[in-house]
2 protein chains.
Amino acid sequence: MVYQTDMLNSACTVSLQELKKNCSNCNLKDLCMPVGLKPEELERLDKLVSLRRKLLKGEHLFRTGEHFNSLFAVKTGTFKTLVNNQDGSDQVIGFQMTGELLGLDGLGTGQHMCEAIALEDSEVCTIPYSRLDELAQEFHALQMHFHRIMSREIVKDQNAMLLLGSMRAEQRLSAFLLNLTERQKARGFSSREMVLRMTREEIGSYLGMKIETVSRTFSKLQKDQLIKIDQKNLTILNHTLLQNLATGKAH
Amino acid sequence: MVYQTDMLNSACTVSLQELKKNCSNCNLKDLCMPVGLKPEELERLDKLVSLRRKLLKGEHLFRTGEHFNSLFAVKTGTFKTLVNNQDGSDQVIGFQMTGELLGLDGLGTGQHMCEAIALEDSEVCTIPYSRLDELAQEFHALQMHFHRIMSREIVKDQNAMLLLGSMRAEQRLSAFLLNLTERQKARGFSSREMVLRMTREEIGSYLGMKIETVSRTFSKLQKDQLIKIDQKNLTILNHTLLQNLATGKAH
DNA sequence: CGTGTTATTGAGTAGCATCAATAATTGTGG
DNA sequence: CCACAATTATTGATGCTACTCAATAACACG
């Protein structure tokens, strides 16, 4: 819809040629898969990432147990990933923003080990794993980069374990908010203000606390003038103090 | 020291030829890096994994911030990995048994993001990353297998997040003990009895609870006849009930 | 054999969960 | 576009889990 040819002659500023490319002219290329690739390699990656998929808010990108075929890069929007507990309950284990990769969990067994749901209307680039693999075999830089991405995912999860295992509610929420705003900053947005795309319940699930505790902790941080939280609109009022809280350096 | 040539003529039962091999005749090859490799590929991997390193109990295999060069496969013994919190405290984020890989955290940044310490006198096989990478470029099966290993590491960490985020003390410890004994079983040992190589404090750090709570929970599980715990000697007395507890199916 | 570390158990308490009521917001169909 | 229902969020009162502090016991190491 958006990329109809007749639009190109009027308001739209991108050329038809550019539209055929995917990664090359993507504004996320410094965050996403193509990091550090040469033009030639980038062109090959373009062909691989030809399929885009749009998801409405609440829609599943994949579900637990589904056959793993592809990785997904978030083009626009936000996602949450959930693991299904054996007792039937779910837990949020991550939020994914633009440029971040989804589906790495499925590579080990060939089945997705978690589910991914769009938190707003979103778009993903589909990266068929078998073809990524071929290309990585050919281009060493892509190989290395893919390994680095997976390694960073591991480190990210280990930091989440740290948060869940040894922080108290106020500290968890502070660390979480700072993490979100830093990621916003890396995408060229303000690190002072942002819109939270997730509910209090989803935040609570991710941080291992109940929705009431999340709400109370938000109120506490606001009362202490560290943040302003109006619905989903967050403003960091005192970054230094919030960071002290998050890192346990608070008096 | 141990592999001096003159030892081979006396008590030692392995031949000189076998000693040159590493992975090929390793009894861990069904658990470790070589899984699913062809004989030719295995032989090439052998040359790569030539360096073994012995560590005494308490010794560091690597520290946070150290330059990342190699991955390590546990040949004998047990390790713990720790992340250093910004406030100076540490948290255990994993225990590694024979055949398990250490160091994947360092790949992303080129620096180790956690530290690894031997819980008993141990031995590791050193796998230089740059050479593993070359070999993986050549042998697709090794490439795929390495990706699967990393993916499983991610899933493992996500399950740890689940444990820390949504289980209570008794459930955490039950799940932990079952996880340990299952891994023992995969190595051909009894899944009913084992020696815990870590202290109560290390267990607590991993499970996000204080040492007193670990101790009390052990006592509770013993009182309920689910386990027998005598110092570090664990016996699973009622596997079914313990599993019900761990999976939240307990009445 | 003594000293430092590790483990157990008890008493009291803090922090978070639970239950509950209400308010605000979002989504839906007429 | 509005009214109603469903979802989401806030705040209070109360209870339980796990933490803290403390004392003692058991063990590991030189």
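Residues numbered from 1 in each chain as written. Chains lettered and ligands numbered in written order. Predicted model: local features only at pLDDT ≥ 70, side-chain atom pairs only at ≥ 80, totals over all residues. Heavy atoms only, no water.

Attention now goes to the domain arrangement of chain A. All names here are of chain A. Here chain A is partitioned into domain 1 (16-162) and domain 2 (169-246). Taking the mean C-alpha position of each, domain 1 and domain 2 sit 25 Å from one another. At the interface, 16 residues of domain 1 touch 12 residues of domain 2. Both faces combined, the contact of domain 1 with domain 2 buries some 1,200 Å², and carbon together with sulfur accounts for 58% of it. Across the pair Glu202 and Lys80 runs a salt bridge whose closest N-O atoms are separated by 2.8 Å. Counting across the domain 1 and domain 2 interface gives 7 residue pairs in polar contact (both at pLDDT 80 or more). With 7 residues, strand 5 (residues 90-96) is the single largest residue contributor to the side of domain 1 that touches domain 2. The residue makeup of the side of domain 1 that touches domain 2, split by class, is 7 nonpolar, 5 polar and 4 charged. (Domains from an automatic or database assignment. Contact = heavy atoms within 4.5 Å. Buried area = accessible area lost by both parts, 1.4 Å probe. Salt bridge = Lys/Arg side-chain N within 4 Å of Asp/Glu carboxyl O. Polar contact = N/O pair within 3.5 Å; in protein donor to acceptor, adjacent residues only side chain to side chain. Helix = DSSP H or I, 4+ residues; strand = E, 2+ residues; numbered from the N terminus. Nonpolar A, V, L, I, M, F, W, Y, C, P; charged D, E, K, R; others polar.)

With that out of the way, let us pick up the packing of helix 6 (residues 169-186) of chain B against helix 7 (residues 200-207) of chain B. Residue and element names in this part refer to chain B. Interhelical geometry of helix 6 versus helix 7 gives an angle of 110° and a closest axis separation of 11 Å. Viewed along their axes, helix 6 and helix 7 adopt a mutual orientation that is roughly perpendicular. On the side of helix 6, the interface is formed by Arg172, Leu173 and Phe176, while helix 7 contributes Ile203, Tyr206 and Leu207. Each residue belonging to the contact of helix 6 with helix 7 can be placed in one class, and the counts come to 5 nonpolar, no polar and 1 charged. (Axes fitted to C-alpha atoms, helices over the stretch in contact; angles between N-to-C directions. Parallel < 35°, antiparallel > 145°, perpendicular 65-115°, else oblique.)

This next bit is on the relation of the copies chain B and chain A. Overlaying chain B with chain A gives an RMSD of 0.0 Å, the required rotation being 180° about an axis along which the chain moves by 0.0 Å. Such a combination of rotation and displacement between the chain copies is what one expects of a two-fold axis. A high fraction, 100%, of the interface residues of chain B reappear at the interface in chain A, so the copies pair face to face through one surface. (Least-squares fit on C-alpha atoms with pLDDT ≥ 70 in both.)

Residues and elements named next belong to chain B. Secondary-structure assignment places Arg172 in helix 6. One buried charged residue, Arg172, remains without a salt bridge, the closest side chain of opposite sign being Glu170 at 11 Å. Side-chain polar atoms of Arg172 contact the backbone oxygen of Leu207, separated by 2.7 Å. (Buried < 20%, exposed > 50% of the residue type's maximum accessible area, 1.4 Å probe, protein only. Lys, Arg positive; Asp, Glu negative; His and termini not counted.)

In the vicinity of DNA strand D, 17 residues are found, and the nearest of them are Arg200(A), Ser215(A), Ser219(A), Ala169(B) and Thr213(B). Considering DNA strand D, the proportion of its atoms within 4 Å of the protein that are sugar or phosphate atoms stands at 62%. Interatomic distance of 2.8 Å between a side-chain N/O atom of Arg200(A) and a phosphate oxygen of DNA strand D. Taking Ser215(A), its side chain carries an N or O atom lying 2.8 Å from a phosphate oxygen of DNA strand D. Breaking the surface near DNA strand D down by element, the ones donating at least two residues are helix 6 (200-207) and helix 7 (211-223) of chain A together with helix 8 (211-223) of chain B. With 4 residues, helix 7 of chain A is the single largest residue contributor to the surface near DNA strand D. Residues that form the surface near DNA strand D fall into these classes: 2 nonpolar, 6 polar and 9 charged. (Near = heavy atom within 4 Å.)

Chain B puts 43 residues into the contact, and the matching count from chain A is 43 residues. Where chain B abuts chain A, roughly 4,100 Å² becomes buried across the two surfaces, and 59% of that area is made up of carbon and sulfur atoms. Counting the surface chain B buries against chain A, the share from its top three residues, Gln137(B), His147(B) and Met161(B), is 16%. One can count 0 salt bridges joining chain B with chain A. On inspection of chain B and its partner chain A, the count reaches 23 residue pairs in polar contact (both at pLDDT 80 or more). For the side of chain B that touches chain A, the secondary structure elements donating two or more residues are strand 5 (90-96), helix 4 (129-138) and helix 5 (140-166) of chain B. Take the side of chain B that touches chain A: its biggest share by element is 20 residues, from helix 5 of chain B. Here the residues of the side of chain B that touches chain A sort into 18 nonpolar, 16 polar and 9 charged.

Moving on: the pattern of salt bridges. Here the structure, examined in full by the defined rule, presents 22 salt bridges over all chains. Between Arg183(A) and Glu100(A) there is a salt bridge; the shortest N-O distance is 3.0 Å. With Arg183(A) in helix 5 (residues 169-186) and Glu100(A) in the loop between strand 5 and strand 6 (101-102), the pair connects residues that are 83 residues apart, well separated along the chain. Across this residue pair, the class does not change: Arg183(A) and Glu100(A) are buried. A salt bridge links Glu120(B) to Arg197(B), with the nearest nitrogen and oxygen atoms 3.3 Å apart. Here Arg197(B) lies in the loop between strand 9 (193-195) and helix 7 and Glu120(B) lies in the loop between strand 7 (115-118) and strand 8 (122-128), a separation of 77 residues in the sequence. Overall, the relative accessible area of 38% leaves Arg197(B) in the partly exposed class.

Attention shifts here to the nonpolar core. Judged by nonpolar contacts, the single largest core of 96 residues is most densely connected at Phe176(A), Leu196(A), Ile227(A), Phe176(B), Leu196(B) and Ile227(B). Leave out the neighbours within four places in its chain, and Phe176(B) touches Phe95(B), Met198(B), Ile203(B), Tyr206(B) and Leu207(B). By size, the runner-up hydrophobic cluster in this structure holds 56 residues, among which are Cys23(A), Cys32(A), Phe139(A) and Leu28(B). (Core = buried A, V, L, I, M, F, W, Y, C linked by side-chain atoms within 4.5 Å.)

Next up on the list: helix 5 of chain A. If you check helix 5 of chain A, its first and last C-alpha atoms are 26 Å apart, about what 18 residues at 1.5 Å a residue would give, namely 26 Å. Two residues or fewer past helix 5 of chain A, Gly188(A) is found with a positive phi of approximately 90°. (Expected span 1.5 Å × (residues − 1).)

Right, let's talk about the sheet that holds strand 11 (residues 233-236) of chain A for a bit. Residues and elements named next belong to chain A. Spatially, the 3 strands line up as an open sheet ordered 9-11-10, and their pairing is antiparallel. Whereas interior strands pair on both sides, the edge strands pair on one side only; in this sheet they are strand 9 (193-195) and strand 10 (227-230). Each neighbouring strand pair of the sheet contributes to a mean axis angle of 15°, computed without reference to strand direction. (Pairing = 2+ DSSP bridges.)

Before going further, it helps to examine the UniProt feature "domain: Cyclic nucleotide-binding" (unreviewed entry) in chain A. Those residues carrying the UniProt feature "domain: Cyclic nucleotide-binding" (unreviewed entry) are residues 33-103 of chain A in this numbering. Secondary structure content for residues 33-103 of chain A is 14% helix and 41% strand, and the end C-alpha separation is 13 Å. (UniProt positions renumbered as here; feature names shortened; annotations may be inferred.)

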